[in-house]
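As a plain string of letters, each chain reads:
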Amino acid sequence: MNYSLTHLKELEAESIYVLREVAAQFERPALLFSGGKDSIVCFHLARKAFFPGNVPFPLVHVDTGHNFPETIEFRDNLVEKYGAKLIVGSVQKSIDEGKVVEETGYNASRNSLQTVTLLETIENGKFDCAMGGARRDEEKARAKERFFSHRDDFGQWDPKNQRPELWNIFNGRKHMGEHFRSFPISNWTEMDIWQYILHEKIEIPSIYFSHQRECFKRDGVWYAACDFMKRKPEEEVVEKTVRFRTIGDMTCTGAVESTASDLQQIIDEVASTRVTERGSRIDDKRSEAAMEDRKKQGYF
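Residues numbered from 1 in each chain as written. Predicted model: local features only at pLDDT ≥ 70, side-chain atom pairs only at ≥ 80, totals over all residues. Heavy atoms only, no water.

S.K.: Would you mind going over the packing of helix α6 (residues 190–200) against helix α7 (residues 263–272) with me for this structure?
M.R.: Each pair of packed helices gets described by two things: the angle between the helix axes and the distance between those axes. One can describe the packing of α6 onto α7 by two numbers: an axis separation of 10 Å at closest approach and a directional angle of 165 degrees. With respect to each other, α6 and α7 are oriented roughly antiparallel. Relative to α7, α6 is oriented so that their crossing is left-handed. Across the interface between the two elements, Glu 190, Met 191, Trp 194, Gln 195, Ile 197 and Leu 198 from α6 touch Leu 263, Gln 264, Ile 266, Ile 267, Val 270 and Ala 271 from α7. (Axes fitted to C-alpha atoms, helices over the stretch in contact; angles between N-to-C directions. Helix = DSSP H or I, 4+ residues; strand = E, 2+ residues; numbered from the N terminus. Parallel < 35°, antiparallel > 145°, perpendicular 65-115°, else oblique. Left-handed = near helix turned anticlockwise from the far one by under 90°. Contact = heavy atoms within 4.5 Å.)

S.K.: Got a minute to help me understand the domain arrangement of the chain in this structure?
M.R.: How big an interface is tends to be expressed through the accessible area that disappears when the partners come together. Each assigned domain of the chain is listed with its residue range as follows: domain 1 (7–192 + 288–297) and domain 2 (206–285). For domain 1 versus domain 2, the distance between C-alpha centres works out to 23 Å. Contacts between domain 1 and domain 2 engage 27 residues on the former and 30 residues on the latter. Both sides of the domain 1 and domain 2 interface together cover about 2,400 Å² of buried area, and 54% of this is carbon and sulfur. (Domains from an automatic or database assignment. Buried area = accessible area lost by both parts, 1.4 Å probe.)

S.K.: What am I meant to see in unusual backbone geometry here?
M.R.: The phi angle of most residues is negative, glycine excepted, and most peptide bonds adopt the trans form. Phe 51 connects to Pro 52 through a cis peptide bond whose omega is 10 degrees. Position of Pro 52 relative to the elements: it lies in the loop between α2 (37–49) and β2 (59–63). At Lys 126, a residue that is not glycine, the phi angle is positive and equals roughly 55 degrees. Under the relative-accessibility criterion, Lys 126 is labelled exposed at 63%. Of note in the backbone geometry, Asp 219 takes a positive phi value of approximately 55 degrees without being a glycine. Mapped onto the fold, Asp 219 is located in the loop between β7 (211–218) and β8 (221–224). (Buried < 20%, exposed > 50% of the residue type's maximum accessible area, 1.4 Å probe, protein only.)

Here's what the structure looks like:
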(Lines give C-alpha, C1' and ligand atoms only; values in the text may rest on other atoms or scores of the structure.)
Protein backbone atom coordinates (compact mmCIF):
# COMPACT_ATOMS: atom_id res chain seq x y z
CA MET A 1 0.00 0.00 0.00
CA ASN A 2 1.46 3.39 -0.98
CA TYR A 3 1.58 6.44 1.28
CA SER A 4 -1.54 8.01 -0.22
CA LEU A 5 -3.70 4.96 0.46
CA THR A 6 -2.23 4.55 3.96
CA HIS A 7 -3.15 8.17 4.68
CA LEU A 8 -6.70 7.62 3.44
CA LYS A 9 -7.06 4.45 5.50
CA GLU A 10 -6.00 6.37 8.61
CA LEU A 11 -8.61 9.06 7.91
CA GLU A 12 -11.21 6.39 7.21
CA ALA A 13 -10.47 4.63 10.51
CA GLU A 14 -10.71 7.91 12.45
CA SER A 15 -14.05 8.79 10.86
CA ILE A 16 -15.48 5.33 11.48
CA TYR A 17 -14.42 5.64 15.12
CA VAL A 18 -16.29 8.96 15.41
CA LEU A 19 -19.40 7.53 13.75
CA ARG A 20 -19.42 4.59 16.15
CA GLU A 21 -18.91 6.91 19.13
CA VAL A 22 -21.94 8.92 18.04
CA ALA A 23 -24.03 5.76 17.76
CA ALA A 24 -22.83 4.64 21.20
CA GLN A 25 -23.28 7.94 23.07
CA PHE A 26 -26.52 9.28 21.60
CA GLU A 27 -30.03 7.86 21.51
CA ARG A 28 -31.33 9.49 18.31
CA PRO A 29 -28.52 10.60 15.97
CA ALA A 30 -29.07 11.62 12.35
CA LEU A 31 -26.81 12.27 9.38
CA LEU A 32 -27.27 15.60 7.60
CA PHE A 33 -27.30 14.80 3.90
CA SER A 34 -27.18 17.39 1.12
CA GLY A 35 -26.34 15.11 -1.80
CA GLY A 36 -22.92 16.75 -2.00
CA LYS A 37 -19.65 14.82 -2.11
CA ASP A 38 -18.83 15.26 1.60
CA SER A 39 -22.17 13.97 2.86
CA ILE A 40 -21.98 11.13 0.33
CA VAL A 41 -18.57 10.14 1.73
CA CYS A 42 -20.01 10.32 5.27
CA PHE A 43 -22.80 7.96 4.27
CA HIS A 44 -20.30 5.60 2.64
CA LEU A 45 -18.23 5.61 5.85
CA ALA A 46 -21.37 4.94 7.91
CA ARG A 47 -22.16 1.93 5.75
CA LYS A 48 -18.66 0.63 6.44
CA ALA A 49 -18.85 1.45 10.15
CA PHE A 50 -21.99 -0.64 10.72
CA PHE A 51 -21.58 -3.35 8.09
CA PRO A 52 -23.12 -5.91 7.70
CA GLY A 53 -26.04 -4.15 9.40
CA ASN A 54 -27.85 -1.15 7.98
CA VAL A 55 -26.92 2.43 8.82
CA PRO A 56 -28.67 2.88 12.20
CA PHE A 57 -29.79 6.46 11.75
CA PRO A 58 -31.80 8.45 9.19
CA LEU A 59 -30.56 10.92 6.60
CA VAL A 60 -31.84 14.47 7.09
CA HIS A 61 -31.93 16.84 4.13
CA VAL A 62 -32.87 20.50 4.52
CA ASP A 63 -34.44 21.25 1.15
CA THR A 64 -34.26 24.92 0.19
CA GLY A 65 -36.48 24.38 -2.83
CA HIS A 66 -33.65 25.88 -4.89
CA ASN A 67 -31.49 22.77 -5.18
CA PHE A 68 -29.86 21.48 -8.34
CA PRO A 69 -32.23 18.92 -9.91
CA GLU A 70 -29.28 16.55 -10.41
CA THR A 71 -28.61 16.57 -6.67
CA ILE A 72 -32.20 15.73 -5.71
CA GLU A 73 -32.31 12.93 -8.28
CA PHE A 74 -29.05 11.50 -6.93
CA ARG A 75 -30.32 11.73 -3.34
CA ASP A 76 -33.51 9.85 -4.13
CA ASN A 77 -31.66 7.15 -6.08
CA LEU A 78 -29.19 6.64 -3.24
CA VAL A 79 -31.95 6.33 -0.65
CA GLU A 80 -33.76 3.77 -2.79
CA LYS A 81 -30.59 1.81 -3.57
CA TYR A 82 -29.52 1.38 0.05
CA GLY A 83 -32.91 1.41 1.74
CA ALA A 84 -31.99 4.41 3.86
CA LYS A 85 -34.57 6.42 5.79
CA LEU A 86 -34.83 10.00 4.53
CA ILE A 87 -36.32 12.93 6.43
CA VAL A 88 -36.74 16.18 4.49
CA GLY A 89 -37.10 19.58 6.13
CA SER A 90 -38.65 22.14 3.79
CA VAL A 91 -37.52 25.77 3.74
CA GLN A 92 -40.52 26.55 1.54
CA LYS A 93 -42.78 25.26 4.31
CA SER A 94 -41.00 27.50 6.82
CA ILE A 95 -41.63 30.46 4.50
CA ASP A 96 -45.29 29.53 3.99
CA GLU A 97 -45.82 29.25 7.75
CA GLY A 98 -44.27 32.69 8.33
CA LYS A 99 -41.33 31.35 10.35
CA VAL A 100 -38.79 32.95 8.02
CA VAL A 101 -38.99 35.79 5.52
CA GLU A 102 -37.68 35.23 2.02
CA GLU A 103 -34.97 37.63 0.88
CA THR A 104 -35.48 39.89 -2.11
CA GLY A 105 -33.13 41.58 -4.55
CA TYR A 106 -30.38 40.41 -6.86
CA ASN A 107 -28.41 38.58 -4.18
CA ALA A 108 -31.41 36.98 -2.48
CA SER A 109 -30.77 33.46 -1.23
CA ARG A 110 -32.51 30.91 0.94
CA ASN A 111 -29.22 29.62 2.31
CA SER A 112 -29.39 31.44 5.63
CA LEU A 113 -33.06 30.50 6.02
CA GLN A 114 -32.05 26.85 6.36
CA THR A 115 -31.10 27.38 10.00
CA VAL A 116 -34.70 27.71 11.22
CA THR A 117 -35.80 24.69 9.17
CA LEU A 118 -32.85 22.63 10.40
CA LEU A 119 -33.45 23.41 14.07
CA GLU A 120 -37.17 22.66 13.70
CA THR A 121 -36.40 19.35 11.95
CA ILE A 122 -33.97 18.40 14.74
CA GLU A 123 -36.58 19.27 17.38
CA ASN A 124 -39.42 17.44 15.62
CA GLY A 125 -37.28 14.34 15.17
CA LYS A 126 -35.98 14.58 18.75
CA PHE A 127 -32.46 14.13 17.36
CA ASP A 128 -29.78 14.55 20.00
CA CYS A 129 -26.87 14.56 17.54
CA ALA A 130 -26.77 15.75 13.93
CA MET A 131 -23.70 14.59 12.01
CA GLY A 132 -22.47 16.57 9.04
CA GLY A 133 -19.83 16.51 6.34
CA ALA A 134 -18.13 19.80 7.23
CA ARG A 135 -14.33 19.81 7.07
CA ARG A 136 -11.89 22.10 8.87
CA ASP A 137 -10.06 23.06 5.67
CA GLU A 138 -13.21 24.48 4.07
CA GLU A 139 -13.57 27.72 6.01
CA LYS A 140 -11.95 29.38 9.05
CA ALA A 141 -15.10 29.14 11.22
CA ARG A 142 -15.33 25.41 10.55
CA ALA A 143 -11.68 25.06 11.55
CA LYS A 144 -12.76 25.93 15.11
CA GLU A 145 -15.12 22.96 15.42
CA ARG A 146 -14.50 19.84 17.49
CA PHE A 147 -15.58 16.34 16.43
CA PHE A 148 -18.36 16.67 19.02
CA SER A 149 -19.73 20.22 18.91
CA HIS A 150 -22.19 21.22 21.64
CA ARG A 151 -25.33 23.25 20.88
CA ASP A 152 -27.42 24.89 23.60
CA ASP A 153 -31.21 24.60 23.93
CA PHE A 154 -31.59 27.34 21.31
CA GLY A 155 -29.39 25.42 18.86
CA GLN A 156 -26.60 27.99 19.21
CA TRP A 157 -22.86 27.34 19.03
CA ASP A 158 -20.32 29.07 21.27
CA PRO A 159 -16.86 28.82 19.62
CA LYS A 160 -15.16 30.13 22.80
CA ASN A 161 -16.65 27.46 25.04
CA GLN A 162 -15.91 24.11 23.46
CA ARG A 163 -15.01 20.90 25.25
CA PRO A 164 -11.48 19.51 24.97
CA GLU A 165 -11.01 16.28 23.06
CA LEU A 166 -7.75 14.91 24.42
CA TRP A 167 -6.74 11.45 23.20
CA ASN A 168 -9.94 11.30 21.12
CA ILE A 169 -12.12 11.08 24.20
CA PHE A 170 -15.44 12.67 23.28
CA ASN A 171 -17.83 14.19 25.82
CA GLY A 172 -21.43 13.91 24.64
CA ARG A 173 -23.11 14.80 27.92
CA LYS A 174 -25.92 17.32 27.57
CA HIS A 175 -28.95 18.78 29.32
CA MET A 176 -32.56 18.45 28.22
CA GLY A 177 -33.21 20.40 25.03
CA GLU A 178 -29.55 20.59 24.02
CA HIS A 179 -28.02 18.64 21.18
CA PHE A 180 -24.70 18.04 19.46
CA ARG A 181 -23.32 18.37 15.98
CA SER A 182 -20.64 15.88 15.00
CA PHE A 183 -18.19 16.14 12.12
CA PRO A 184 -16.66 12.73 11.31
CA ILE A 185 -14.55 13.98 8.38
CA SER A 186 -13.23 17.12 10.10
CA ASN A 187 -9.60 16.26 9.39
CA TRP A 188 -10.08 15.47 5.71
CA THR A 189 -9.13 17.91 2.94
CA GLU A 190 -10.81 18.42 -0.41
CA MET A 191 -7.99 16.41 -2.00
CA ASP A 192 -8.51 13.58 0.50
CA ILE A 193 -12.20 13.47 -0.40
CA TRP A 194 -11.56 13.22 -4.12
CA GLN A 195 -8.82 10.60 -3.73
CA TYR A 196 -11.07 8.54 -1.46
CA ILE A 197 -14.00 8.76 -3.90
CA LEU A 198 -11.66 7.52 -6.66
CA HIS A 199 -10.20 4.72 -4.54
CA GLU A 200 -13.58 3.55 -3.21
CA LYS A 201 -15.37 4.00 -6.56
CA ILE A 202 -18.12 6.07 -4.90
CA GLU A 203 -20.89 7.41 -7.13
CA ILE A 204 -21.41 11.20 -7.08
CA PRO A 205 -23.80 13.60 -8.86
CA SER A 206 -23.02 14.34 -12.50
CA ILE A 207 -22.63 18.10 -11.97
CA TYR A 208 -19.26 17.52 -10.27
CA PHE A 209 -17.96 16.64 -13.74
CA SER A 210 -17.48 18.93 -16.71
CA HIS A 211 -20.67 19.62 -18.66
CA GLN A 212 -22.36 22.27 -20.78
CA ARG A 213 -24.63 24.65 -18.87
CA GLU A 214 -26.23 28.02 -19.41
CA CYS A 215 -24.56 30.44 -17.00
CA PHE A 216 -24.16 34.11 -16.25
CA LYS A 217 -21.27 35.89 -14.56
CA ARG A 218 -21.62 37.93 -11.37
CA ASP A 219 -18.70 39.36 -9.38
CA GLY A 220 -16.29 37.15 -11.31
CA VAL A 221 -18.20 33.93 -10.62
CA TRP A 222 -20.27 31.82 -13.05
CA TYR A 223 -23.74 30.91 -11.78
CA ALA A 224 -26.23 28.52 -13.33
CA ALA A 225 -29.04 30.39 -15.07
CA CYS A 226 -32.23 29.49 -13.23
CA ASP A 227 -35.63 30.92 -12.35
CA PHE A 228 -34.54 31.40 -8.72
CA MET A 229 -32.01 34.15 -9.46
CA LYS A 230 -32.89 37.65 -10.56
CA ARG A 231 -30.37 38.76 -13.15
CA LYS A 232 -29.17 42.29 -13.71
CA PRO A 233 -29.71 43.78 -17.20
CA GLU A 234 -26.03 43.44 -18.09
CA GLU A 235 -25.77 39.80 -16.96
CA GLU A 236 -25.91 37.88 -20.22
CA VAL A 237 -26.68 34.15 -20.27
CA VAL A 238 -24.09 32.14 -22.20
CA GLU A 239 -23.32 28.44 -22.53
CA LYS A 240 -20.13 27.44 -20.74
CA THR A 241 -18.22 24.25 -20.05
CA VAL A 242 -18.24 24.09 -16.27
CA ARG A 243 -18.41 21.85 -13.23
CA PHE A 244 -19.15 22.44 -9.54
CA ARG A 245 -16.57 21.93 -6.77
CA THR A 246 -19.13 22.32 -4.01
CA ILE A 247 -22.91 21.91 -4.14
CA GLY A 248 -25.44 23.98 -2.25
CA ASP A 249 -28.40 26.22 -2.99
CA MET A 250 -28.34 27.22 -6.67
CA THR A 251 -28.61 30.89 -5.70
CA CYS A 252 -25.26 30.94 -3.91
CA THR A 253 -23.22 28.15 -5.53
CA GLY A 254 -20.92 29.14 -8.36
CA ALA A 255 -19.41 26.96 -11.06
CA VAL A 256 -15.83 26.80 -12.28
CA GLU A 257 -14.79 26.61 -15.91
CA SER A 258 -13.37 23.13 -16.33
CA THR A 259 -12.84 20.28 -18.77
CA ALA A 260 -12.34 17.69 -15.99
CA SER A 261 -14.60 14.83 -17.01
CA ASP A 262 -13.36 12.07 -14.69
CA LEU A 263 -12.10 11.75 -11.11
CA GLN A 264 -8.40 11.70 -11.96
CA GLN A 265 -8.76 14.90 -13.97
CA ILE A 266 -10.61 16.51 -11.04
CA ILE A 267 -7.79 15.49 -8.69
CA ASP A 268 -5.19 16.96 -11.04
CA GLU A 269 -7.22 20.16 -11.30
CA VAL A 270 -7.65 20.52 -7.53
CA ALA A 271 -3.91 19.95 -7.04
CA SER A 272 -3.06 22.88 -9.30
CA THR A 273 -5.76 25.42 -8.44
CA ARG A 274 -5.09 28.46 -6.26
CA VAL A 275 -8.78 29.15 -5.58
CA THR A 276 -10.33 27.71 -2.44
CA GLU A 277 -13.19 25.23 -2.68
CA ARG A 278 -15.71 27.71 -1.27
CA GLY A 279 -14.30 30.60 -3.28
CA SER A 280 -17.36 30.38 -5.52
CA ARG A 281 -19.88 30.43 -2.64
CA ILE A 282 -21.48 33.87 -2.53
CA ASP A 283 -23.00 33.21 0.92
CA ASP A 284 -19.51 33.18 2.47
CA LYS A 285 -18.74 36.61 1.02
CA ARG A 286 -21.54 38.56 2.70
CA SER A 287 -19.25 39.55 5.55
CA GLU A 288 -15.83 38.71 6.95
CA ALA A 289 -17.41 36.36 9.49
CA ALA A 290 -20.47 35.23 7.53
CA MET A 291 -20.03 31.52 8.21
CA GLU A 292 -19.25 31.96 11.90
CA ASP A 293 -22.29 34.20 12.41
CA ARG A 294 -24.54 31.61 10.76
CA LYS A 295 -23.03 28.78 12.77
CA LYS A 296 -23.58 30.63 16.05
CA GLN A 297 -27.28 30.80 15.14
CA GLY A 298 -27.49 27.07 14.48
CA TYR A 299 -26.29 26.63 10.88
CA PHE A 300 -24.49 23.42 9.82
